[in-house]
2 protein chains.
Amino acid sequence: MIKTIKGIIYKIREMSGFAFVILKTKRELIQCVYSEEYSQFTLSEICENMSVIVTGEELADERSRTGFELRLVSFECLSKPEYEPPVVINNKEVATSLETLLDYRPITMRNAKESAIFQIQAGICRGFRKFFDDNGFTEIHSPKIVFSGAEGGSNIFKLDYFGREAYLTQSPQFYKQIMVGIFERVYEIAPVFRAEKHDTSRHINEYTSVDFEMGFIESFRDLMQTETRMLAEILEFLRKNYASEIALLKADIPTITEIPKVTFDDGKEMISKTREITDPYDFEPEEEKLLCEIIKKETDCDFVFVTHYKSSKRPFYTMESKDNPEVTESFDLLFRGMEITTGGQRIHDYNAQIAKMEDRSMNVEAFSSYLMAHKYGLPPHGGLGLGLERFTAKLLNFNNVRYATMFPRDINRLEP
Amino acid sequence: MIKTIKGIIYKIREMSGFAFVILKTKRELIQCVYSEEYSQFTLSEICENMSVIVTGEELADERSRTGFELRLVSFECLSKPEYEPPVVINNKEVATSLETLLDYRPITMRNAKESAIFQIQAGICRGFRKFFDDNGFTEIHSPKIVFSGAEGGSNIFKLDYFGREAYLTQSPQFYKQIMVGIFERVYEIAPVFRAEKHDTSRHINEYTSVDFEMGFIESFRDLMQTETRMLAEILEFLRKNYASEIALLKADIPTITEIPKVTFDDGKEMISKTREITDPYDFEPEEEKLLCEIIKKETDCDFVFVTHYKSSKRPFYTMESKDNPEVTESFDLLFRGMEITTGGQRIHDYNAQIAKMEDRSMNVEAFSSYLMAHKYGLPPHGGLGLGLERFTAKLLNFNNVRYATMFPRDINRLEP
């Protein structure tokens, strides 16, 4: 059968008497074969990174991922590259440093493996949205230029907004809580900004946050249950719809039925058996790793919920446990050694919220538009935020979140 | 049948001997009836804006939108409001000024009509994504903190990025073009920022841009065809899935088969018959309105594509027409009197792009990471951006884009 395909020539491999011409299309590498026998042009007329329309005869081929190869008859050149890439982008891996990989991101992402990473990331988002749609969540668009930070602290980008000081949002927290009063269940997948000066493998200064918030919960356990179900469905969605990318990346996509839960204190206790605890109020990155290893050994699960973080370490909107106000109705989700989610039940009662803010010597007045939601009635609610790039990185077993970020922003990087 | 429903009490209407208690859930108003006959509590125990779980007997009722009413037997209070709202939010309309509507957005959006607007906006996004998924577009996440503006000019927000000057993105333009070299077809629905000082009914300083970019186009006409199909499918999707919101808002959702096209010059010519032309290079808002009126009269279509805008008025990446380099292979889409989309074919050839930038005395070096895409080969491509809030506003026949923006940002407004 004669077939016409548009694509970019990924690789030309000359053999004796013929050549393999690999064509890259939206999500596939297609094996074409050039031979003087049936190709009506000379091989030197085409080159790698040329955009073409090729015509040829389709032949079934079991060894090919696509199930066929194309015997090239003719081609039309649509666009020619002016230069050869400064790094080799059509081998199995882009064999270079992370720095170079990122410096040349506009072309290193053309590598089949590199592009599969971001195809999977797009798949993760599709999976999230499918779950949200199926479960009555409404998408919201909250502003990124804000008058006050959700998390507070110094790690916030400032900008001049027509002569007034404004900030880049650290989280859609206030807005999603407000919107629970309107739609009961809401979600947003959008950029957030953290001016952290850390230069680590876990931090980037702009990332994509998957946030949801839901009303009428009975406890924060409802949120963990929802997240468990959500992740289970997403991983299933990926297995079903991204099999070739998963195979190419040799990705180990876990299956989830239930996720173990440990309290913060129990987690610290488990860790203390092999490592000295230096900060009793929060986890250090090494401790998160260690805890995940312990849980993996005990339960064979790659995920673990840590619950009841200390009140002093959680933001002012976090609900405290009734029987012990020193701890909160909150949780983190750790995945393969790293925190990917923070969530919890929020304070919905106006007076309780005001009291806690005053306790923390906060300027209540500055939050008056946020507090409108509480003042005029808000159902019990809670939610969580998940870092898309961290989740992708851990899912694909990368040791640096930048590998799973299209165009990372960090303290040293603002380009490309 | 006994039924239990969670929701927020929207309105209590006392009649003689009984009361209507309207409950607001995710997307519905549910009519409940209180009567001393069968309700096992006193009416004064409940109030508007209380979050409750009600239990009652479901009775079929044709007059109700939901098809039933609930005879209240008992209720459980989950959360009580501390104050009564300062504006009436449970009448048919929130009868107040735009300023007040926006100042109290966290609660005015609880009004059934107001929340229907943003339910429809969420539906528009679902429609967009369905179209993109069905047509082989991959979602991307491009950075919002950038090293250089896509559109240039003074209407760009600056921020201090760890001692370096950075900007908030005006458009994902560069990134979506780069990503065409990787995924062939890409889309993004994300915030963009314009530091325009205009205080008009058409402008906000942060808006949600729906962007797509596609490779292997034959001409910019492919883009208009794709947009036509996309909009037709979205409007159909809304009619099918948002019927109750459409009815509540009395929205006139048009049906599209084809969208008329006029060139910029012909458009000006048509306008000149009733209005003096003062700017021959661009449209004024009044001219866009007038042109839409003329087209509506002639073709009964609410949309019109205007093509071949002047080269001098389009950005440096816009492709010029072969037979007349004074004009471009570009278009705007006007809808009910306002521009909602700008799109066009881009220059894909490296040398042609460099030449045009030098012609404009641009600092080519500053764009080197963007130009990597061209340098190492990029297929012919083009795309467009559509303003989500403008589209929503026009679809619902609002005279100000702020009515269709959850939390608008403008020169005077940074809150809520």
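One can find the structure itself at the top, above this paragraph.
Residues numbered from 1 in each chain as written. Chains lettered and ligands numbered in written order. Predicted model: local features only at pLDDT ≥ 70, side-chain atom pairs only at ≥ 80, totals over all residues. Heavy atoms only, no water.

Colleague: Explain the nonpolar core here, please?
Modeller: Nonpolar side chains in soluble globular proteins tend to end up buried together. Counting residues in hydrophobic clusters, the biggest one holds 146 residues, and the most contacted among them are Met179 and Phe303 of chain A together with Ile145, Met179 and Phe303 of chain B. Leave out the neighbours within four places in its chain, and Phe303 of chain B touches Leu231, Leu235, Pro254, Ile256, Ile259, Pro260, Ile295, Leu333, Leu334, Phe335, Ile340 and Phe391 of chain B. Judged by nonpolar contacts, the second largest core, of 19 residues, contains Ile9, Cys32, Phe41 and Leu43 of chain A. (Core = buried A, V, L, I, M, F, W, Y, C linked by side-chain atoms within 4.5 Å. Buried < 20%, exposed > 50% of the residue type's maximum accessible area, 1.4 Å probe, protein only. Contact = heavy atoms within 4.5 Å.)

Colleague: Sorry if this is basic, but what is going on with helix H10 (residues 368-375) of chain B here?
Modeller: Each α-helix winds once per 3.6 residues, and so residues spaced three or four apart point in a common direction. Counting buried residues along H10 of chain B, 6 of its 8 residues qualify, which places the element largely inside the surrounding structure. Tucked inside the fold, the buried residues of H10 of chain B contact helix H1 (98-103) and helix H2 (105-108) of chain A together with helix H4 (173-183) and helix H9 (350-359) of chain B. (Helix = DSSP H or I, 4+ residues; strand = E, 2+ residues; numbered from the N terminus.)

Colleague: Please explain the pattern of salt bridges as it appears in this structure.
Modeller: Side-chain pairs of opposite charge can arise whenever the charged atoms involved come near each other. Scanning the entire structure with this criterion turns up 62 salt bridges over all chains. Residue Asp265 of chain A is joined to Lys310 of chain A by a salt bridge in which the shortest nitrogen-to-oxygen separation is 2.9 Å. Linking Asp265 of chain A in helix H7 (residues 264-272) with Lys310 of chain A in the loop between strand S13 (303-307) and strand S14 (330-335), this pair joins segments that are 45 residues apart in sequence. Residue class for Lys310 of chain A comes out buried when judged on its relative accessible area of 14%. Measuring nitrogen to oxygen at the nearest pair gives 3.6 Å for the salt bridge that ties Arg390 of chain B to Glu339 of chain B. Within this pair, whereas Arg390 of chain B is found in helix H11 (residues 388-395), its partner Glu339 of chain B is found in strand S15 (residues 338-345), the two being separated by 51 residues in sequence. (Salt bridge = Lys/Arg side-chain N within 4 Å of Asp/Glu carboxyl O.)

Colleague: What is the right way to look at the packing of H4 of chain B against H10 of chain B in this model?
Modeller: Any two packed helices are characterised by the angle at which their axes cross and by the distance between the axes. Residues and elements named next belong to chain B. As a packed pair, H4 and H10 sit with axes 9 Å apart at the nearest point and diverge in direction by 30 degrees. Judged by the angle between their axes, H4 and H10 are roughly parallel. Crossing hand, H4 versus H10: left-handed. Between H4 and H10, the contacting residues are Phe174, Gln177 and Ile178 on the first element and Ser369, Tyr370, Ala373 and His374 on the second. A breakdown of the residues in the contact of H4 with H10 according to their chemical character gives 4 nonpolar, 3 polar and no charged. (Axes fitted to C-alpha atoms, helices over the stretch in contact; angles between N-to-C directions. Parallel < 35°, antiparallel > 145°, perpendicular 65-115°, else oblique. Left-handed = near helix turned anticlockwise from the far one by under 90°. Nonpolar A, V, L, I, M, F, W, Y, C, P; charged D, E, K, R; others polar.)

Colleague: Mind showing me how you'd approach the relation of the copies chain A and chain B here?
Modeller: The operation relating chain A to chain B is a screw motion whose rotation component is 180 degrees, with 0.0 Å of axial translation and a residual RMSD of 0.0 Å. As the rotation angle and translation indicate, the two copies are arranged about a two-fold axis. The C-alpha atom lying nearest the rotation axis in chain A is that of Leu159 of chain A; the distance is 2.5 Å. Most of the interface of chain A is mirrored in chain B: 99% of its interface residues are interface residues there too. (Least-squares fit on C-alpha atoms with pLDDT ≥ 70 in both.)

These results come straight from atomic positions and should not be treated as a statement about function.
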